[in-house]
Amino acid sequence: MATIRLTTAQAIIKFLKNQYVRRDGREIQFFAGMLGIFGHGNVAGVGQALQENPDFPYILVRNEQSAVHMACGFTKMKNRMQTFACTSSIGPGATNMITGAALATINRLPVLLLPGDIFARRNVAPVLQQLESPYTQDIGVNDAFKPVSRYWDRIYRPEQLITSLPEVMRVLTSPADTGAVTLALPQDVQAEAYDFPEELFAQRVWHISRWTSDRFLFSQAVDAIRTSKHPMIVAGGGVLYSEASQALASFVKQTGIPVGETQAGKGALPYDHPQNMGAIGATGTSAANQLAQDADVIIGVGTRYSDFTTASKTAFQNPNVRFININVAEFDSFKHSAIPLTADARLMLEELTEALKDFKVDAGYQARMATLKESWEMEVDRLFHLNNQPLPAQSEVIGAIWDSAEPTDVLVSAAGSHPGDLHKLWRTHQPNTYHMEYGYSCMGYEIPGAMGVKIADPLREVYAFVGDGTYLMMPSDILTSVQEGIKIIMVVVDNHGFASIGGLSQSLGSGGFGTRFRMRDLQSGQLEGEYLPVDFAANARSLGAEAITACSMDEFRQALQAARNATKTTVIVVNADREIRVPGYDSWWDVAVAETSTMDSVKKARAEYEAALKKERYFL
Ligand SMILES: Cc1ncc(C[n+]2csc(CCOP(=O)(O)OP(=O)(O)O)c2C)c(N)n1
Ligand SMILES: [Mg+2]
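Colleague: Quick question: what am I supposed to make of the site of ligand 1 here?
Modeller: Ligand 1 sits among 17 residues. The nearest are S417, S441, D468, G469 and S500. S441 places a polar main-chain atom, nitrogen or oxygen, 2.8 Å from a nitrogen atom of ligand 1. One of the side-chain nitrogen or oxygen atoms of N495 is found 3.0 Å away from an oxygen atom of ligand 1. Computed on the free molecule, ligand 1 has an accessible area of 580 Å², of which 78% lies beneath the protein chains in the complex. Of all the elements in the fold, those that place two or more residues in the shell around ligand 1 are helix 18 (468-473) and helix 20 (499-507). Among the elements that line the shell around ligand 1, the one with the most residues is helix 18, at 4 residues.

Colleague: Even after reading the chapter, I still don't get the sheet that holds strand 5 (residues 58-60), so can you show me in this structure?
Modeller: Within a sheet, each strand pairs with its neighbour through backbone hydrogen bonds, oriented either parallel or antiparallel. The 6 strands lie next to each other as 5-4-6-7-9-8, forming an open sheet whose pairing is parallel. At either margin of the open sheet sits one strand with a lone partner, and together these are strand 5 and strand 8 (151-154). Averaged over all pairs of adjacent strands, the angle between their axes in this sheet comes to 20 degrees, without regard to strand direction. Relative to strand 6 (residues 83-88), strand 4 (residues 31-36) runs parallel, the two sharing 4 bridges.

Colleague: Whenever I open this one, the coordination of the magnesium ion (ligand 2) confuses me. Can you help?
Modeller: For a metal bound by four donors in a tetrahedral arrangement, the ideal donor-metal-donor angle is 109.5 degrees, while six donors in an octahedral arrangement ideally sit at 90 or 180 degrees. The protein atoms that coordinate the magnesium ion (ligand 2) are D468 (OD), N495 (OD1) and G497 (O), at distances of 2.0 Å. G497 sits in the buried class, given a relative accessible area of 4%.

Colleague: Can you walk me through helix 22 (residues 553-565) in this structure?
Modeller: For an α-helix, 3.6 residues make a turn, and residues three or four places apart therefore share a direction. For helix 22, built from 13 residues, the straight-helix expectation of 18 Å at 1.5 Å per residue is met to within 8% by its first-to-last C-alpha distance of 19 Å. For helix 22, the set of buried residues is M553, F556, A559, L560, A563 and R564. Looking straight down helix 22, one finds that the buried residues subtend no more than 140 degrees of arc, so they occupy a single side. Residues of helix 22 that are exposed and point more than 90 degrees away from the buried face comprise D554, Q558 and N565. Looking at the buried side of helix 22, the elements it contacts are helix 15 (394-404), strand 20 (462-467), strand 21 (489-494), strand 22 (546-550) and strand 23 (570-575).

Colleague: Sorry, what's going on with the pattern of salt bridges here?
Modeller: Pairing between side chains of opposite charge can happen when the charged atoms of each approach one another. If you walk through the whole model with that rule in mind, you get 35 salt bridges. A salt bridge links D24 to R346; the shortest N-O distance between them is 3.5 Å. A residue pair is termed long-range when its members are at least 10 positions apart, and D24 in the loop between strand 2 (19-23) and strand 3 (26-29) and R346 in helix 13 (residues 345-355) qualify at 322 residues. Overall, R346 belongs to the partly exposed group, its relative accessible area being 24%. Close ionic contact of R578 with E579 constitutes a salt bridge, the shortest N to O distance being 3.7 Å. Its relative accessible area of 41% is what places E579 among the partly exposed residues. Each member of the salt-bridge network shares a partner with another, and the members are D24, R210, D344, R346 and E350.

Colleague: Explanation requested: the packing of helix 15 against helix 16 (residues 418-425) in the structure shown.
Modeller: In a pair of packed helices, the angle between the axes and the distance between the axes together describe the arrangement. Put simply, helix 15 and helix 16 touch, their axes get as near as 11 Å, and they point 55 degrees apart. Taken together, the axis directions place helix 15 and helix 16 in an arrangement best described as oblique. Crossing angle aside, the handedness with which helix 15 passes helix 16 is right-handed. Where helix 15 abuts helix 16, its residues Q394, S395 and I398 lie against H418, D421, L422 and L425.

Colleague: Please explain the sheet that holds strand 3 as it appears in this structure.
Modeller: Taking strand neighbours across the sheet as the criterion, the 3 strands line up as 3-2-11 in an open arrangement whose pairing is mixed. Because the sheet does not close on itself, it has two edges, and the strands there are strand 3 and strand 11 (204-207). If you compare each strand with its neighbour and ignore which way they point, the axes differ by 30 degrees on average. The pairing of strand 2 with strand 3 spans 4 bridges and is classified as antiparallel. Along strand 3, the bridge assignment pairs Y20 with Q29. Sheet strands touched by helix 1 (residues 8-17): strand 2, strand 3 and strand 11. Its angle to strand 2, the strand with the most contacts, is close to 25 degrees.

Analysis parameters
Each chain carries its own residue numbering, running from 1 in the written order of its sequence. Chain letters and ligand numbers both follow the written order, the letters beginning at A and the numbers at 1. Confidence filtering applies because this is a predicted model: local features only for residues at pLDDT of at least 70, side-chain atom pairs given and counted only at 80 or more, and all residues used for totals across whole chains, interfaces and linings. To get the side-chain values, all heavy atoms of the structure are used, and hydrogens and water are removed first. Consider each residue's heavy atoms; a residue with any of them within 4 Å of a molecule or strand counts as near. Pairs of N or O atoms within 3.5 Å make up the polar contacts considered here, provided that, within protein, one atom can donate a hydrogen while the other can accept it, and that residues adjacent in sequence are counted only when both atoms are side-chain atoms. What sets the accessible areas is the Shrake-Rupley method with a 1.4 Å probe; for residues, cover comes only from the shown protein chains. Only runs of H or I of at least four residues qualify as helices and only runs of E of at least two qualify as strands under DSSP, and these elements are numbered from the N terminus. The criterion for strand pairing is that DSSP finds at least two bridges linking the strands in question. Interaxial angles span 0 to 180 degrees and are taken between N-to-C directions of axes, which are lines fitted to C-alpha atoms, for helices over the stretch in contact. Distances up to 2.8 Å from the metal define which N, O and S atoms are donors, and 3.2 Å serves for Na, K and Ca; water is absent from the atom set, so sites may look incomplete. Residue exposure (1.4 Å probe, protein chains only): buried if accessible area is under 20% of the type maximum, exposed if over 50%, otherwise partly exposed. Given the number of residues in a helix, its expected span is that number minus one, multiplied by 1.5 Å. To be clear, the arc concerns the directions from the helix axis to the C-beta atoms. Whether two residues are in contact is decided by their heavy atoms: any pair within 4.5 Å suffices. What counts as a salt bridge is simple: a side-chain nitrogen of Lys or Arg found within 4 Å of a carboxyl oxygen of Asp or Glu. By definition in this entry, angles of less than 35 degrees are roughly parallel, angles greater than 145 are roughly antiparallel, angles of 65 to 115 are roughly perpendicular, and the rest are oblique. Each crossing is labelled by how the near helix is turned from the far one, with a counterclockwise turn of less than a right angle marking it left-handed and a clockwise turn marking it right-handed.

Purely spatial values, then, with no claim about function.
Here you go:
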């Protein structure tokens, strides 16, 4: 057997460089490179191997969490056909990636994490940053990656790579099982050499399968749709990952079935498609939510039915409602006691189109859809042009961004009041242009996530919609965007704190306690003083970005144009009225209210809460 002598770290890089994926006859190199930060736990191992492999790009970021977010933004934009690996030192560098790992796993996004680990040899323990355990030597902080990883291994001996790396690839490239994959790399093992079989480094192509469903279940699903009166589709992220938009458009054109889109599925159909009712669920449109209430068959395509999608199990009120779930993951296809079509979305939609040639929803249902859609579009126009004074409403800010964007440009966001507003209002022309991280809804995703999208497609403008709360949590990778020439347009909406959680707190009787960015008032002891003096533009400039403060909607529109013309990351800061919100439409979200309190406002909220709870359903 021919062998090649490499360190563990060198072997990993050589292996990663040679992995490819294939789908629909297209072959792509799976890893675009490595993101991360060096410390003593990886500098002489993975760091040295990267230096020796300049054809495997390495990007130095400012926070390990950002590295994982960037990889997630990138792979989502690539429909999971390509990703990055992330390297960190041991201890805090490693644990900084745990939030990113959870985000990747929840959103079903493939990322490879290579946290450094403590000496396998152990004689020098405890090393700097080591968590010691009095009851075992076989535990460390990297064990905390286990619940947030789809595959986890620790490499104590170089030759373990020979059996571990193929497992890493199996999981990363599995449409059903993918998520964060963690290989913990003890720092001494990273530098240790071994005679690896050369075959390990041969080019490998991982075929990404499209598989069809069980025939009996398929015929049951066809019958259920054929005998339904008011069927409705819930289009999730799986539609995009499967590249099934065309198949979905053909299916709904033929059958007349309306579609509601989840956060991950938004853009599955163009917004002006007659059957696209827009966002569904707690952050849904009046059109989608009213249809969902009465629908007798829900066809979930590539959705995990989060509580936002089901409006905490209140969205579907027809007593006889049944579910058909098309999903590559059995785990999801069985949800809500559905007829499970455990299969690829595109294949299934094509097969259903063929099998339901003679089916169309009745004229009354089609007319209802048309009326609901028309009034929803009027509502969006109203919210885009509120002309609120003196400060604009956030919906006007969204309208102006939408006006400035080309149909192919990408909007990225994650947490705050804007995910709900954008889910309802953003008018998506095509797939992969609305990029909301709403599985983990993680503040701090927006900037590195947008950078990952831009790396995936440098020809498009990428907008990161960022709240002032998010900005203050993780602005540091603006500098990385400057370092790498990854231009994004950031819109920072300054509303002096958490409009989202503040509004939620108000609606639950707590008046926005602890959600405003104000000085502590010495009299009351509360955060009720002057607004905190944050100069976001100066802060962004200090990190190398262009920055514009817009004081009116006219200035904001001009700033958007300037940002589009700019060659480097541009941050636009705009103040918006925290209290002028986009309303909810025929929907609800379960956030438990205190059962007992001395506050009348909380008692009142609790009574309303108990009434609302009654609409929650089991689907058995
Ligand atoms: C990392 C993280 N911490 C906390 C939260 C809970 N959370 C959700 S939205 C939000 C406030 C966001 O504030 P900002 O970015 O200013 O947006 P706004 O609510 O004002 O629109 C918080 C704290 C979260 N989603 N992520
Ligand atoms: Mg805010």
